[in-house]
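Structure assessment
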Amino acid sequence: MPKSEFLKDDDSAAATELGYVFTFLLGVLLLSMFSVWAWDIENSTRNRWNEQALENNLREVASAVERADAASRIDPSVLYAEPVKLQAVQTDTGQLTLVLDDSELNLIDARGKYSDTVSISAASAATHEGEVNLGKGGIVWVVYHEGVTSISLKAPDT
């Protein structure tokens, strides 16, 4: 048999192969774009949840300080202690510090990413003090004792 009967000059198979390759590359491109989009949404959601949790933690500690001040107005010789359990966050909490002074409670981030302040009413004669690194514990103690309202990671000695 002559060769010409079996072999043909046909380009349609090559065009079909090129179509498959371009379809595959388009699929890879679309999946890559989708994964970058989904990753961005996940990061944005985590950052928003972190901000809300840190804000809630700050508000809870400030509320406990206000309650300690209220107790000091009722009886200045009272020992008041309240533990505030902090909500978990997905960030380096070792960089976060709560600082209490006579007029406000501040959240300070060494990286500069998060910061927030809550005013304290200072309606009592107690002075306010304390500094707590949030990376060292999940509970902040608010204590009023002998005219001082303070925040600490350690429970007061009774």
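Just so we're clear, the structure is a prediction, and the values are computed from it rather than from any experiment.

Right, let's get into the pattern of salt bridges. Here the idea is simple: oppositely charged side chains can pair when their charged atoms come close. Here the structure, examined in full by the defined rule, presents 5 salt bridges. With a shortest N-O distance of 3.9 Å, Glu 55 and Arg 59 are connected by a salt bridge. You can see Glu 55 and its partner Arg 59 sitting in helix α1 (residues 12-74), 4 residues apart, about one turn around the helix. Across the salt bridge formed by Asp 116 and Arg 59, the nearest N and O atoms sit 3.7 Å from each other. With a gap of 57 residues between them, Asp 116 in strand β4 (residues 115-119) and Arg 59 in helix α1 connect regions that are remote in the sequence. Note on Asp 116: relative accessible area 22%, which makes it partly exposed. Salt bridges linked by common partners bring Glu 55, Arg 59 and Asp 116 together as one network.

Let us now look at unusual backbone geometry. Although it is not a glycine, Glu 146 sits at a positive phi angle of roughly 50°. Tracing the backbone through its elements, the reader meets Glu 146 in the loop between β7 (139-145) and β8 (148-152). A relative accessible area of 66% means that Glu 146 is categorised as exposed.

The 4 strands lie next to each other as β4-β3-β2-β6, forming an open sheet whose pairing is antiparallel. Sheet topology places β4 and β6 (131-133) at the edges, where each strand pairs with a single neighbour. Each strand of the sheet is rotated relative to its neighbour by a mean of 15°, with strand direction disregarded. Relative to the sheet, α1 contacts β2 (96-100), β3 (104-109) and β4, its axis offset from that of β4 by approximately 25°.

With that settled, the discussion passes to the packing of aromatic side chains. Scanning the model with the defined rule gives 1 aromatic pair in all. Aromatic side chains Phe 34 and Trp 37 sit 5.6 Å apart centroid to centroid with 50° between the ring planes, which places their arrangement in the tilted category. Residue Phe 34 and its partner Trp 37 are both found in helix α1; the two are separated by 3 residues, about one turn of the helix.

The next point concerns the pairing of β3. Where β2 lies against β3, 5 bridges are found, and the strand directions are antiparallel. In the strand pairing of β3, Leu 98 is matched with Leu 107. From the end of β2 to the start of β3, which pair antiparallel, there are 3 residues. Two successive antiparallel strands, β3 and β4, enclose a turn made up of 5 residues, where Gly 112 displays a positive phi of approximately 85°.

What follows deals with the sheet that holds strand β1 (residues 80-85). In space, the 4 strands of this open sheet follow the order β1-β7-β8-β5, with mixed pairing throughout. This sheet does not close on itself; its edge strands, each paired only once, are β1 and β5 (127-129). Neighbouring strand axes in the sheet, compared pairwise and without regard to direction, differ in orientation by 15° on average. Here 5 bridges tie β7 to β8, and the two strands are oriented antiparallel to one another. If you follow Val 143 over to β8, its bridge partner there is Ser 150. This element, α1, spans β1, β5, β7 and β8 of the sheet and lies at about 170° to β1.

About the thresholds
Residues numbered from 1 in each chain as written. Predicted model: local features only at pLDDT ≥ 70, side-chain atom pairs only at ≥ 80, totals over all residues. Heavy atoms only, no water. Salt bridge = Lys/Arg side-chain N within 4 Å of Asp/Glu carboxyl O. Helix = DSSP H or I, 4+ residues; strand = E, 2+ residues; numbered from the N terminus. Buried < 20%, exposed > 50% of the residue type's maximum accessible area, 1.4 Å probe, protein only. Pairing = 2+ DSSP bridges. Axes fitted to C-alpha atoms, helices over the stretch in contact; angles between N-to-C directions. Contact = heavy atoms within 4.5 Å. Phe/Tyr/Trp six-rings, centres within 6.5 Å; stacked < 30°, edge-to-face > 60°.

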